[in-house]
Amino acid sequence: MPLKERIAHDMKQALRARDEARLRAIRMLQAAIQRQEIDTRTTLDDGAVSATVQKLIKQSQDAIEQFTKGGRDDLVAREKADIAAWQAYLPEQLSDEALAKLVADAISETGATSIKDIGKVMGALKAKVQGRADMAKVSAAVKANLGSP
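Cut-offs and rules
Residues numbered from 1 in each chain as written. Predicted model: local features only at pLDDT ≥ 70, side-chain atom pairs only at ≥ 80, totals over all residues. Heavy atoms only, no water. Buried < 20%, exposed > 50% of the residue type's maximum accessible area, 1.4 Å probe, protein only. Helix = DSSP H or I, 4+ residues; strand = E, 2+ residues; numbered from the N terminus. Expected span 1.5 Å × (residues − 1). Contact = heavy atoms within 4.5 Å. 1 Å grid on protein atoms, 1.4 Å probe; cavity = no way out; pocket = protein on both sides within 12 Å on 5 of 7 lines; lining within 4 Å. Points joined across faces, edges and corners; volume = space filled by probe spheres on them. Nonpolar A, V, L, I, M, F, W, Y, C, P; charged D, E, K, R; others polar.

(A) Expanded view of unusual backbone geometry. A positive phi angle, close to 60°, is found at R18, a residue other than glycine. We classify R18 as exposed; its relative accessible area is 71%. Positive phi outside glycine occurs at R41, with the angle close to 55°. Inspection of the secondary structure assignment puts R41 in the loop between α2 (20–40) and α3 (46–69). For R41, a relative accessible area of 78% corresponds to the exposed category.

(B) Structural view of α3. If you check α3, its first and last C-alpha atoms are 35 Å apart, about what 24 residues at 1.5 Å a residue would give, namely 34 Å. Looking at the buried side of α3, the elements it contacts are α1 (3–17), α2 and α4 (73–87). In the segment just after α3, G71 is the residue with positive phi, at about 75°.

(C) Inspection of the layout of surface pockets at higher detail. Quantified by volume, the largest pocket comes out at close to 410 Å³. Forming the walls of the largest pocket are 20 residues, and the residues nearest its centre are Q54, I57, Q93, A133 and D134. Among the secondary structure elements, those contributing two or more residues to the lining of the largest pocket are α3, α5 (96–110) and α7 (135–146). For the lining of the largest pocket, the element with the most residues is α3, which contributes 4 residues. Partitioning the lining of the largest pocket into residue classes produces 8 nonpolar, 6 polar and 6 charged.

If you want it as structure tokens, here you go:
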């Protein structure tokens, strides 16, 4: 079942179950997907939907940081609940060991020898880890393996 259909199905289930928190999170996700489709004038595939989910999660994590600084524990709890609902639509995240192996393989495939080659390595890794790892974490692993200046 395509990811967009699964999201629509889950929204109907949340409506029937009267699960307000989950319903709010799914509606927010559907709105983000629809906004992305309108902006790009295309129908999103599962990969693009996953990228949209990741973007929402990243925004919520940033909001949690701000709400924590502001002492708004009620909003922190709400954002965490939204993140928990959205994570169900992401593929299984890569472990640190699996990520390290992918980084090492990409470095050997591209023949990268210094930090100047980070673009080649990241390009090779992007398709393999999209949706399964935070790209900032991937970048940090590549820099560590290439020896940052």
